[in-house]
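Working through the structure, step by step
Here is what each chain is made of, one letter per residue.
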Amino acid sequence: MYMQLRYTYRLYPTPGQRIALAKAFGCARTVFNDGLRLRQDAHAAGLPYITDTDLQKQVITAAKRTPQRAWLGEVSSVVLVQALKDLHTAYRNFFASVTGRRTGPKVAPPRFRSRKDNRQTIRLTRNGFSLRPNGRLYVAKVGEIPVRWSRTLLSDPSSVTIIKDAAGRYFASFVVQTDPTEVLPDTGGEVGIDLGLTHFAVLSDGRKVSSPKFLRRAERRLRKAHQAHSRKAKGSNNRTKAAARLARLHARVADARRDFHHKLSTAIIRENQAVYVEDLAV
């Protein structure tokens, strides 16, 4: 039995590769929205639910032959097919939630994707990407993209998601299979954790973990960035630049907080066999 894990790495595409990725993001968004629109129109007209195969023929195969969607052929077909599969998964999750076959919070129906969304993604399977011996990630019709390898992949990835966040940074998120039987050595220790207000956490062995207060440290710069952004005219290039700078400052705070949480949780897990967390809602 194997378990799937996701590993994320920073990408540094060239200006030309950024343009190619922007085309891929746009084409994937268009295919997703076209498929969603066709199914919504069919439902409003009282027609049967369009099957996955028929929908792919309409919004990808047939659409490429039309002047309005001929530019879909400029990107890898894997990107388009995976975008449509994301729509199928969203519909299945929605139907399972409505009928009660899916537990947990209710799942909303799929919504249209916007080019103004802060996060743009495309997903590729093995026939759309490969890892080159020089350490670069090859993406079909984009090229070899430099990767910042912070750690080694445990196995060959089955898929990759290319992400562009609000700060304009690019990431590659790989899905790999690992053997869950490989566990950490037995330490024999136990610890209880109480999350508090004065300290970030208080451990049962007497240790107190102070809160780094990353947001408090960055408040002055964030306040100035928010003021600069609000002064720019809506729709202007200067406002877009100010929004990107503001997003980078927020991303820096989020990254520092995430790094602190990961290092602290990893240290606690490696030192103790059992961890008990106080979960009272006070």
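Look up: the structure comes first, before these words.
A quick note: this is a predicted structure, and the numbers were derived from the prediction, not measured. (Residues numbered from 1 in each chain as written. Predicted model: local features only at pLDDT ≥ 70, side-chain atom pairs only at ≥ 80, totals over all residues. Heavy atoms only, no water.)

Let us now look at the nonpolar core. Ranked by internal contacts, the top residues of the largest apolar core, which has 43 residues, are I122, L124, L137 and I162. At the level of elements, β1 (3-11), α1 (15-44), α2 (52-61), α3 (77-99), β2 (120-125), β4 (137-139), β7 (159-164) and β8 (170-178) are the ones that each hand at least two residues to this core. Element by element, the count of residues in this core is highest for α1, at 10 residues. (Core = buried A, V, L, I, M, F, W, Y, C linked by side-chain atoms within 4.5 Å. Buried < 20%, exposed > 50% of the residue type's maximum accessible area, 1.4 Å probe, protein only. Helix = DSSP H or I, 4+ residues; strand = E, 2+ residues; numbered from the N terminus.)

This part covers the pairing of β7. Along β7, five of the six residues are buried, which leaves the element largely enclosed by surrounding structure. Pairing analysis gives six bridges linking β2 to β7, with the strands arranged antiparallel. Considered in β7, the bridge of I122 is made with I162. Sheet topology places β7 next to β8; six bridges connect them, and they run antiparallel. Note on β8: the bridge partner recorded for K164 is Y170. (Pairing = 2+ DSSP bridges.)

On to unusual backbone geometry, then. Phi at K141 is positive, roughly 65 degrees, even though this residue is not glycine. Here K141 shows up in the loop between β4 and β5 (143-145). Backbone geometry places K213, a non-glycine residue, at a positive phi of 55 degrees. Position of K213 relative to the elements: it lies in the loop between β11 (208-209) and α4 (214-217).

Attention now moves to the sheet that holds β11. With mixed pairing, the four strands of this open sheet are ordered in space as β11-β10-β9-β12. Both edges of this open sheet fall to β11 and β12 (274-277), since each of them pairs with a single strand only. Bridge count for strand β10 (residues 201-203) against β11 is two bridges, and the pairing is antiparallel. Considered in β11, the bridge of V202 is made with K208.

Together, L195, V275 and V277 make up an exposed nonpolar region whose accessible area comes to about 240 Å². Inspection of the secondary structure assignment puts V277 in strand β12. (Patch = residues over 30% accessible without salt bridge, like charges linked within 9 Å, V, L, I, M, F, W, Y side chains within 5 Å. Areas by Shrake-Rupley, 256 points an atom, 1.4 Å probe, with all protein chains shown as cover. Salt bridge = Lys/Arg side-chain N within 4 Å of Asp/Glu carboxyl O.)

Each aromatic ring pair is characterised by the separation of its centres together with the angle its planes make. As enumerated under the stated definition, the model contains 10 aromatic pairs in all. Ring plane angle 75 degrees and centroid distance 6.0 Å describe the contact between Y49 and Y91, whose orientation is recorded as edge-to-face. Taken together, the residues Y49 in the loop between α1 and α2 and Y91 in helix α3 connect sequence positions 42 residues apart. Take Y91: its relative accessible area is 9%, and that puts it in the buried class. Ring centres of F214 and F260 lie 6.1 Å apart, and the angle between their planes is 65 degrees; this geometry places the pair in the edge-to-face category. One end of the pair, F214, is in helix α4; the other, F260, is in helix α6 (residues 237-271), and 46 residues separate them in sequence. An aromatic cluster is present here, built from Y9, F129, W149 and F174 joined pairwise through their rings. Above the face of the Y138 ring, R132 is positioned so that its terminal group lies 4.3 Å from the ring centre. (Phe/Tyr/Trp six-rings, centres within 6.5 Å; stacked < 30°, edge-to-face > 60°. Lys NZ or Arg CZ within 6 Å of the ring centre and 35° of its normal.)

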